[in-house]
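Take a look at the letters that make up each chain.
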Amino acid sequence: MSVPMLDLKAQYATVKDAVLARMMDVIERQYFIMGPEIAELEQAVADLSHTAHAIGCASGTDAILLPLRSLELQPGDEVITTSFTFFATAGTIHNAGGTPVFVDIDPQTFNIDPDAIEAAITPRTKAIVVVHLYGQMVPMERIIPLAEKHGLALIEDGAQAIGARRKVDGAWRMAGELGTAGTFSFFPSKNLGAWGDGGMIVTQDAALAQRLKRLRLHGGAKQYHHEEVGLNSRLDSLQAAILLAKLPHLEAWSAGRRARAARYDAGFASMAPVAAPTVDPANEHIFHQYTVRAERRDALREHLTARSIGSMVYYPTALHLQPCFASLGYRMGSLPVTEGAMAEVISLPIYPELTDAQQDEVIGAVGDFYR
Ligand SMILES: *Cc1c(COP(=O)(O)O)cnc(C)c1O
């Protein structure tokens, strides 16, 4: 039995009629840019995220870039972030005019280490970009005081974490709720995926929301009047329509991912060479990825591929070691926990439509490899 890493067709079959109906509304109206679907989806995502405002934009990458642009970074301004993430997290810092400062991660959750953030703060630090990696939140309650003490913006890259939450002082707080701004990606493979590119920013700050709405429209809220130079970064009405049809399923999909994660955990419990993901007890994980540490990782991957089982390594080369950032002076050894994770992690198929039989195939194949 083959088990793909992701099976978008399986989800398509369950939402097809609802999605096509909403798309047809847009098509019949012929209102493709900034139609009413945008505000409707923004309100829905703001509600989900417990925020006062949401701003749709063209991608999860632009969702990070736009709030960074609002900071008006000057050459030499530093933005502290994790190296163990998708490229966009740091590419946007560079493209907003800042210098990424990479710090190490927590070996249990793979999320940015708050102590390492504190140690990296300098007089040039302007912001912190955290990533809720694989679908579980960073300990915001440890990072917010650092940002407040030093007057830094705190951006939550929630591309992998829409609907994830964390108990802080006894209350559930959503991904995107507590930072200066939180960001989401609707890339098709994300937990809430469009049928193309899309992104969204959430914030509690009314002035920032207004600024971001301007920045996504060439810097002018009023047509043909530009207060500043912005981007063309709108969310497409058709994509918003698709997302509105899919959003009501998100909670059940996240629960389905958690159930499958628990099933993997049980399957791997007796396999010493495989370390199941650690969920911080304060977190409700949404398992965008189910990522284990595995002995002889690359050979395991080859074994799985030979059995037609999908897997991926997120991320094989951390960002501090990317050629484009060579001038920043990092080298192998700069971030040992990150570099250890790079060599050991492997993500296995996890999606709500994954069947028990498919999961048993994955668990059985991993077991066979180490036997
Ligand atoms: C997917 C992703 C992004 C970028 O989102 P796009 O919609 O592809 O631009 C940014 N950060 C992280 C952590 C991601 O996983």
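Going by the structure above, here's the rest.
Here's a quick rundown of the structure. This is a predicted model, so every value here is computed, not measured.

Turning to the overall build of the protein chain, a few remarks are in order. Helices and strands together make up the secondary structure of the protein chain, namely 12 helices and 13 strands. Against the 2.2 N^0.38 benchmark of 21 Å for 371 residues, the protein chain shows a C-alpha radius of gyration of 21 Å, consistent with a compact globule. Projecting the C-alpha coordinates of the protein chain onto the three principal axes gives extents of approximately 65 × 55 × 40 Å. Burial statistics for the protein chain: of 371 residues in total, 56% are counted as buried. Across the protein chain, every contact between residues at least 6 apart in sequence was considered, and the portion connecting residues at least 24 apart equals 73%. For the protein chain, the accessible surface area stands at approximately 15,300 Å², while carbon and sulfur atoms represent 54% of it. Computed over 32 positive and 42 negative side-chain charges, the inter-centroid distance for the protein chain is 2 Å.

Moving on, we get to the site of the ligand. Near the ligand there are 16 residues, and of these Gly60, Thr61, Asp157, Ser185 and Lys190 occur at the shortest range. One of the side-chain nitrogen or oxygen atoms of serine 185 is found 2.6 Å away from an oxygen atom of the ligand. For the ligand, whose accessible area on its own is 380 Å², the fraction buried by protein is 93%. Counting only elements with at least two residues in the shell around the ligand, the list comes to helix 3 (60-70) and helix 4 (88-95). For the shell around the ligand, the element with the most residues is helix 3, which contributes 3 residues. By residue class, the composition of the shell around the ligand is 6 nonpolar, 8 polar and 2 charged.

Over the atoms, a rolled probe matching the size of one water molecule traces out where space is still vacant. What the rule picks out here adds up to 2 cavities of 30 Å³ or more. Space inside the largest cavity adds up to approximately 80 Å³. Taken together, 14 residues make up the lining of the largest cavity; nearest its centre are Leu6, Leu8, Gln11, Lys190 and Arg257. Split by residue class, the lining of the largest cavity holds 5 nonpolar, 4 polar and 5 charged. In terms of domain composition, the lining of the largest cavity takes at least three residues from each of domain 1 (8-248) and domain 2 (249-370).

Looking now at the pattern of salt bridges. Within this structure, the stated rule accounts for 21 salt bridges. A salt bridge links aspartate 298 to arginine 297; its shortest N-O distance comes to 2.7 Å. Taking relative accessible area as the criterion, aspartate 298 reaches 47% and is therefore assigned partly exposed. Salt bridges here are not isolated pairs; linked through shared partners, they connect Glu72, Arg211, Arg214, Glu227 and Glu228.

A word on the packing of aromatic side chains. On inspection of all chains with the given rule, the structure shows 13 aromatic pairs. Between phenylalanine 84 and tyrosine 315, the ring centres sit 6.1 Å apart and the planes meet at 90 degrees, which makes this aromatic pair edge-to-face. Here the residue phenylalanine 84 occupies a position in the loop between strand 2 (78-82) and helix 4, and tyrosine 315 occupies one in the loop between helix 10 (297-306) and helix 11 (336-344), the gap between them amounting to 231 residues. Like tyrosine 315, phenylalanine 84 is buried. Every member of this aromatic cluster is reached through a ring pair, and the members are Phe84, Phe110, Tyr134, Tyr314 and Tyr315. Against the face of tryptophan 172 rests arginine 165, its NZ or CZ located 4.0 Å from the ring centre.

Take helix 12 (residues 356-370) next. Between its first and last C-alpha, helix 12 extends 21 Å over 15 residues, near the 21 Å set by a 1.5 Å rise per residue. Within the span of helix 12, buried status applies to Gln358, Gln359, Val362, Ile363, Ala365, Val366, Gly367, Phe369 and Tyr370.

If you walk across this open sheet you meet the 7 strands as 1-9-8-5-4-2-3, and the pairing is mixed. In this open sheet, the two strands that pair with only one neighbour each are strand 1 (53-57) and strand 3 (99-103). Averaged over neighbouring strand pairs, the angle between their axes works out to 25 degrees when direction is ignored. Where strand 2 meets strand 3, 5 bridges bridge the pair, whose relative direction is parallel.

Thresholds, definitions, all that
Counting restarts for each chain, with residues numbered from 1 along the sequence as it is written. In keeping with the predicted nature of the model, local features appear solely for residues at pLDDT of at least 70, side-chain atom pairs appear and are counted solely at 80 or more, and the whole-chain, interface and lining totals rest on all residues. Heavy atoms throughout the structure, all of them, feed into the side-chain values; hydrogens and water do not. The secondary structure listing takes helices from DSSP runs of H or I that are at least 4 residues long and strands from runs of E that are at least 2 residues long, numbered from the N terminus. Only C-alpha atoms enter the radius of gyration; for comparison, a globular chain is expected to reach 2.2 Å times N to the power 0.38, where N is the number of residues. For every residue, the accessible area obtained with a 1.4 Å probe (protein chains only) is divided by the maximum for its type, and the residue is called buried under 20%, exposed over 50%, and partly exposed between those limits. Pairs of residues are marked as contacts when any of their non-hydrogen atoms sit within 4.5 Å. Only the protein chains shown count as covering a residue, and every accessible area follows the Shrake-Rupley method with a 1.4 Å probe. For the purpose of charge, His is not counted, nor are the chain termini; Lys and Arg are scored as positive and Asp and Glu as negative. Charge coordinates come from a single atom per side chain, which is NZ of Lys, CZ of Arg, CG of Asp or CD of Glu. Here a residue counts as near a molecule or strand whenever at least one of its heavy atoms sits within 4 Å of it. In protein, a polar contact means a hydrogen-donor-capable atom and an acceptor-capable atom, both N or O and within 3.5 Å, with residues adjacent in sequence counting only if both atoms are side-chain atoms; elsewhere, any N or O pair within 3.5 Å suffices. Residues are grouped as follows: Ala, Val, Leu, Ile, Met, Phe, Trp, Tyr, Cys and Pro are nonpolar; Asp, Glu, Lys and Arg are charged; every other residue, Gly included, is polar. Cavity and pocket criteria rest on a 1 Å grid covering protein atoms alone: a 1.4 Å probe that fits but cannot get out defines a cavity, protein on both sides within 12 Å along at least 5 of 7 lines defines an open pocket, and an atom within 4 Å of a point defines a lining residue. Grid points are joined across faces, edges and corners, and a volume is the space filled by probe spheres set on the points. Boundary definitions for the domains trace back to an automatic or database domain assignment. By definition here, a salt bridge exists when the distance from a side-chain nitrogen of Lys or Arg to a carboxyl oxygen of Asp or Glu is within 4 Å. The criterion for an aromatic pair is that two Phe, Tyr or Trp rings (for Trp, the six-membered ring) have centres within 6.5 Å, with stacked assigned to planes under 30 degrees apart, edge-to-face to planes over 60 apart and tilted to the rest. A ring is scored as having a charge over it whenever the NZ atom of a lysine or the CZ atom of an arginine sits within 6 Å of its centre and within 35 degrees of its normal. Multiplying 1.5 Å by the helix residue count minus one yields the expected span of that helix. Two strands pair under a simple rule: DSSP has to find at least two bridges between them. Where helices are involved, their axes are fitted lines through C-alpha atoms of the stretch in contact, as for all axes, and angles between N-to-C directions lie from 0 to 180°.

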